[in-house]
Amino acid sequence: MSYESDIQEAFAKIAKRTAHPAPWRDVERLPWHDEEFSKSFLAAEELPPETGEDEAQFIFDHLQGKKVLELGCGGGRTARSLLSLAENLHFIGVDIGFHPLLVARERCPKGGFARADMLALPFDSSVFEMIFCVYGAFLGFRRQEALSILRKTRSLLANNGIFILEFPSPHFLASLNGVQEWWVGDSSFAGDFPQVGLSENIHLANRQVYIRRDYVVDLRDGKLKEYGQTNCLYDEFETRELLERCGFTVRAVYGDWDCRPFDEASERLIAISVLKD
């Protein structure tokens, strides 16, 4: 096929995309395990270092003990800020992305970092005094997988341990429904090359999911790259129910890092839990 026909086919496929994709079938997860994708995504999407300071201060204020595990640590943004507040921590961060871990090790030489899937954490029971998972990493798993992660997390906590779980609130993600953005540029999470892209947000209320879907046309050859991720949505009631089913007692639920109460205007949900007696 010629370049012209390839690029026409790419845009035709975008135009004919289904308006209501099936969660986990039509759109599953971003390829976090792919080295090139994780490198490009980190470079394009990571926020400035100072944006991790509020999160780190919140975690530091609730710190229990010295042995800390972060699930889905990315490039170590929160770890760097946290270790600057508490230098004597025994900190371990895990992520499935290869390149983010390289960046995290450079940023945080005092921390330990390991490549691991949240569904297969390589640690013994009752070894951590605090575990936290932030930036919505938890939402990208099916509900049954989420239960498995929470049960494993519970087994890793010492008796006096604290678990902090944070993700975008369902009200905030639902408000993005229908929002689309076209862009033209030489770089994005898909890589460094001339491109035209479309990002769109889909909220399926009946399935309690939010889908982010991206189409990127490579202008070098006219080929289409497709990306997407299904995210489960949890309100305060379901979050509390999930945590309690998995052996936690929820101490508090907040709507931001400044400890304001959670409500429908909150853009994030932060749950602080301890082990059930």
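Overview of the structure. These figures come from a predicted structure and were not determined experimentally.

1. Here we look at the overall build of the protein
- Each helix and strand counted, the protein has eight helices and eleven strands in total.
- The C-alpha atoms of the protein give a radius of gyration of 20 Å, which matches the 19 Å a tight globule of 277 residues would have.
- By principal-axis analysis of the C-alpha atoms, the protein measures approximately 65 × 40 × 30 Å.
- Going through the 277 residues of the protein one by one, you find that 51% of them count as buried.

2. Quick look at the state of the cysteines
- Applying the stated criterion across every chain yields a total of zero disulfides.
- In this structure cysteine 73 is not part of a disulfide, and its nearest cysteine sulfur, from cysteine 108, lies 8.5 Å away.
- The class of cysteine 73 is buried, set by a relative accessible area of 6%.

3. A closer look at the nonpolar core
- In this structure, Leu69 and Phe138 are the most contacted members of the largest nonpolar core, which totals 39 residues.
- Every element with two or more residues in this core is listed here: strand E1 (67–71), strand E2 (90–95), strand E4 (128–133), helix H6 (143–156), strand E5 (157–168), helix H8 (236–245), strand E10 (248–254) and strand E11 (268–275).
- Excluding its chain neighbours within four sequence positions, the residues that come into contact with leucine 69 are Ile92, Val94, Phe123, Phe128, Met130, Ile131, Phe132 and Leu156.

4. Structural notes on the pattern of salt bridges
- According to the stated counting rule, one finds 16 salt bridges in the structure shown.
- Its salt-bridge partner being glutamate 200, residue arginine 213 comes within 2.5 Å of it at the nearest N-O pair. With a gap of 13 residues between them, arginine 213 in strand E8 (residues 209–218) and glutamate 200 in strand E7 (residues 191–204) connect regions that are remote in the sequence. Across the pair, glutamate 200 and arginine 213 agree in class, each one buried.
- Connected through salt bridges with shared partners, the residues Glu28, Arg29, Arg142 and Glu145 form a single ionic network.

5. Quick notes on the packing of aromatic side chains
- Applying the stated criterion to the full structure yields 18 aromatic pairs.
- Through a chain of ring-to-ring contacts, three or more aromatic side chains come together here, namely Trp32, Phe37, Phe41, Trp183, Phe189 and Tyr227.
- Between the NZ or CZ atom of arginine 77 and the centre of the ring of tyrosine 135, over which it lies, the distance is 4.4 Å.
- Sitting above the plane of the tyrosine 234 ring, arginine 143 keeps its charged end 4.8 Å from the centroid.

6. Focus: the environment of lysine 39
- As for its placement among the helices and strands, lysine 39 is situated in helix H2 (residues 35–45).
- What makes lysine 39 partly exposed here is its relative accessible area of 42%.
- When the C-alpha atoms of lysine 39 and alanine 116 are compared, they prove to be 17 Å apart, with 77 residues separating the residues in sequence.

7. Describing the sheet that holds E4
- With mixed pairing, seven strands are arranged side by side in an open sheet as E3-E2-E1-E4-E5-E11-E10. Looking at which strands have only one partner, the edges of the open sheet turn out to be strand E3 (112–115) and E10. Going from strand to strand, the sheet's axes swing by 20° on average, the running direction of each strand aside.
- Note: E10 against E11, six bridges, orientation antiparallel. Counted as the bridge partner of valine 250 is serine 273 from E11.
- Strands E1, E4, E5, E10 and E11 of the sheet are contacted by H6, whose axis makes an angle of about 145° with E5.
- In this fold H8 packs onto E5, E10 and E11, with an angle of close to 155° to the strand it touches most, E10.

Scoring rules and cut-offs
Residues numbered from 1 in each chain as written. Predicted model: local features only at pLDDT ≥ 70, side-chain atom pairs only at ≥ 80, totals over all residues. Heavy atoms only, no water. Helix = DSSP H or I, 4+ residues; strand = E, 2+ residues; numbered from the N terminus. Rg over C-alpha atoms; globule rule 2.2 N^0.38 Å. Buried < 20%, exposed > 50% of the residue type's maximum accessible area, 1.4 Å probe, protein only. Disulfide = S-S within 2.5 Å. Core = buried A, V, L, I, M, F, W, Y, C linked by side-chain atoms within 4.5 Å. Contact = heavy atoms within 4.5 Å. Salt bridge = Lys/Arg side-chain N within 4 Å of Asp/Glu carboxyl O. Phe/Tyr/Trp six-rings, centres within 6.5 Å; stacked < 30°, edge-to-face > 60°. Lys NZ or Arg CZ within 6 Å of the ring centre and 35° of its normal. Pairing = 2+ DSSP bridges. Axes fitted to C-alpha atoms, helices over the stretch in contact; angles between N-to-C directions.

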